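# What the coordinates show
What follows is the residue order along each chain.
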Amino acid sequence: MAASGRGLARAWGASRCPTWRQAHSEAGGRPKPEYDAVVIGAGHNGLVAAAYLQRLGVNTAVFERRHVIGGAAVTEEIISGFKFSRASYLLSLLRPQIYTDLELKKHGLRLHLRNPYSFTPMLEEGAGGSVPRSLLLGTDMVQNQKQIAQFSQKDAQAFPRYEKFMNRLVSAIDPLLDAAPVDPAAFQHGSMLQRLKSLSTLKPLLKAGRTLGAQLPQYYQVFTAPIAKVLDQWFESEPLKATLATDAVIGAMTSPRTPGSGYVLLHHVMGGLEGTQGAWGYVQGGMGALSEAIARSAVAHGASIFTEKAVAKVQVSDEGRARGVVLQDGQEVRSRVVLSSASPQITFLKLAPQEWLPEGFAESIAQLDTQSPVTKINVAVDRLPNFLAAPNTPSGQPLPHHQCSIHLNCEDTLLLHQAFEDAMNGLPSHSTPPTRWLEARSGMSRREMPMQTKNIFHCAMSLDQLYFARPAPLHSSYRCPLQGLYLCGSGAHPGGGVMGAAGRNAAHVVMRDLKSEGR
């Protein structure tokens, strides 16, 4: 299999890449009775884990319950002739090492940087019948300042300092994403050798502290305070604050006034693409093309990926170690290790035998905060949106603001807070005005995404569920209470978003464990 994979990799250097299915069918598309590693779920983290393990010589199989790869988020659907990304729609957080190590460009991944990156039209009456204002932000700092100056000259001057402040925090936190969290259990219960090895996990934390230096208390506030409080200390204009605050509430059941909402903002600005920090981009062909590229990379090195093969349960040996899985169709597949990219709830409450979990562990997993306000509606329109604040050209050609994220109802952070309160009461946002924002007929088709958890991040990105508390205290190093079972999805450190870090980090932890055990 490995030899044929290398041959396929050479063929994939051509401009037209075969799908991973075509490559896999050439290698024989039936599960074998035994592999070195089994990965549950072909979401992007599971595929990343499989690709790394296979490259490191661990014969790996991935089993996905659905007919497509990419999980509920990183995939496409075609309705009425329109192809669209089901949930995730932009790329930025993908770790640069993954992009390079897995040779994703070689395997067909094509990116288009998003610039500008946000457009906020104001719902206001222009003075003397003039056009209402809008805020367009992008990569050009001078242009950003001109845009912000419409609302506040003071804020226009402060914006570069704010960006520098946040970028420094990003540079300090960034290394923490690429390593397993500090393992308190190893320090407390491990052998002397394990304790010494665990000291290395402190390095990213110490490095972060050195980077932040004397400003550490100010940065601490970004993590713990409401983002509204942080932004109030920098700016006075509500449209700017509201636009920035949207990154603090994306995918989270939080308000800009919620303590800790600052970290969610940080989580969404710490990415980058092709060497450009903070950049976001569109994936050519939709987000499913990313899953395809990762899968091609994995299969090219010999990994096996099986769709419509749901895992029913994790098999456990008499000694209490995961030894493979049982598929829904009854087939048993043995393995030395099992990695789950499913949510912690699915992994520990449905797939892992409860009798092998420590007392109280299942209860702690069941109590994880999974609240989420996310609703995504895909709309097909017959012409470009025409905003009062930025009218279309007579020719109808796309303008810069048509190519970025458009924030409606962002005149004030209070509107975001009120929308949060509506969501907590089980209601759609009252801040959506009855006024027609744009002139375009639309057709919608309602489909529910087949997500097996309530939260797009598997569990909330709140401070009590991050780092060495993700998914639970003493179980944050990707290793599970059941020996031989590892968590490699968004429910593990560093959390959600199309990042791949959890899959990559888990694969490296598995490799270290296999080597130390001599397996």
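Please refer to the structure higher up on the page.
Residues numbered from 1 in each chain as written. Predicted model: local features only at pLDDT ≥ 70, side-chain atom pairs only at ≥ 80, totals over all residues. Heavy atoms only, no water.

### Quick word on the overall build of the protein chain
For the record, the criterion: A helix here means a DSSP run of H or I that spans at least four residues, while a strand means a run of E at least two residues long, and both kinds are numbered starting from the N terminus. Only heavy atoms matter for contacts: two residues are in contact if any of them lie within 4.5 Å across the pair. Areas reported here follow the Shrake-Rupley algorithm with a probe of radius 1.4 Å; residue values treat only the protein chains shown as occluding.
Per the secondary structure count, the protein chain includes 18 helices and 18 strands. Across the protein chain, every contact between residues at least 6 apart in sequence was considered, and the portion connecting residues at least 24 apart equals 70%. Looking at the protein chain as shown, the accessible area adds up to about 23,800 Å², and 53% of this sits on carbon and sulfur atoms.

### What to know about the packing of aromatic side chains
In plain terms, the rule: Put simply, two rings from Phe, Tyr or Trp (the six-membered ring, in Trp's case) pair if the centres are within 6.5 Å, and we call them stacked under 30 degrees between planes, edge-to-face over 60, tilted for the rest. Throughout, exposure labels follow a simple rule: accessible area from a 1.4 Å probe, protein chains only, divided by the maximum for the residue type, with under 20% read as buried, over 50% as exposed, and the rest as partly exposed.
Enumeration over the complete set of coordinates arrives at 9 aromatic pairs. Taking 4.2 Å as the distance between ring centres and 10° as the angle between the ring planes, the aromatic pair formed by Phe165 and Tyr219 counts as stacked. You can see Phe165 sitting in helix 6 (residues 153-173) and its partner Tyr219 sitting in helix 10 (residues 216-224), a full 54 residues away along the chain. An angle of 50° between the planes, with centres 5.3 Å apart, marks the rings of Phe165 and Trp234 as tilted. Note that Phe165 is positioned in helix 6 and Trp234 in helix 11 (residues 227-234), a separation of 69 residues in sequence. According to the relative accessible area criterion, Phe165 is buried, its value standing at 7%.

### A closer look at a nonpolar patch on the surface
The criterion, for reference: Nonpolar side chains (Val, Leu, Ile, Met, Phe, Trp, Tyr) within 5 Å and like charges within 9 Å form the patches, drawn only from residues with over 30% relative accessible area and no salt bridge. For this analysis, a salt bridge means a side-chain nitrogen from Lys or Arg found within 4 Å of a carboxyl oxygen belonging to Asp or Glu.
A cluster of nonpolar residues, Ile377, Val379 and Val381, forms a patch on the protein surface that exposes about 260 Å² of accessible area. Take Val379: it is sitting in strand 15 (residues 379-381).

### As for the pairing of strand 14 (residues 332-340)
The following threshold applies: Pairing between strands is defined by DSSP: at least two bridges between them are needed.
Pairing analysis gives 6 bridges linking strand 1 (residues 34-40) to strand 14, with the strands arranged parallel. Looking at the pairing, Ile40 lines up with Ser340 of strand 14. Two strands pair when backbone bridges link them, and strand 13 (residues 322-327) and strand 14 are joined in this way by 3 bridges, in the antiparallel orientation. In the sheet register, Val326 faces strand 14, and the bridge partner there is Glu332.

### Things to note about the pattern of salt bridges
Applying the stated criterion to the full structure yields 11 salt bridges. When the shortest N-O distance is used, the salt bridge between Arg479 and Asp513 registers 2.9 Å. With Arg479 in the loop between strand 17 (442-444) and strand 18 (485-487) and Asp513 in helix 18 (residues 501-517), this pair connects stretches of sequence that are 34 residues apart. Shared partners join several salt bridges into a network, and the residues in it are Arg55, Glu103 and Lys106.

### Observations concerning helix 12 (residues 238-245)
With 7 of 8 residues buried, helix 12 lies mostly within the body of the structure. Looking at helix 12, one finds that the buried residues are Pro239, Leu240, Lys241, Ala242, Thr243, Leu244 and Ala245.

### Comments concerning the nonpolar core
Where we set the bar: Here, the term nonpolar core denotes a set of buried Ala, Val, Leu, Ile, Met, Phe, Trp, Tyr and Cys residues that are joined through side-chain atoms within 4.5 Å.
In terms of nonpolar packing, the biggest core is built from 78 residues, with Leu91, Leu104, Leu339 and Leu485 touching the most fellow members. The contact partners of Leu339, leaving out residues within four places of it in the chain, are Ala37, Val38, Val39, Ile40, Ala49, Leu53, Tyr486, Cys488, Ala506 and Val510.

### Describing the sheet that holds strand 6 (residues 118-121)
Spatial strand order, 7-6-16: 3 strands in an open sheet with mixed pairing. The strands lining the two open edges of the sheet, one partner per strand, are strand 7 (134-137) and strand 16 (405-406).

### Digging into unusual backbone geometry
Residue Pro116 is bonded to the preceding Asn115 through a cis peptide linkage, with omega at 0°. By the secondary structure assignment, Pro116 is in the loop between strand 5 (111-113) and strand 6. For the bond from His493 to Pro494, the omega torsion is 5°, close enough to zero to count as cis. Considering the arrangement of structural elements, one finds Pro494 in the loop between strand 18 and helix 18. The backbone of Glu103 sits at a positive phi, close to 50°, despite the residue not being glycine. In this structure, Glu103 sits in the loop between helix 4 (96-101) and strand 5. Positive phi, close to 55°, is recorded for Glu308, a residue that is not glycine. Position of Glu308 relative to the elements: it lies in the loop between strand 11 (304-306) and strand 12 (311-316).

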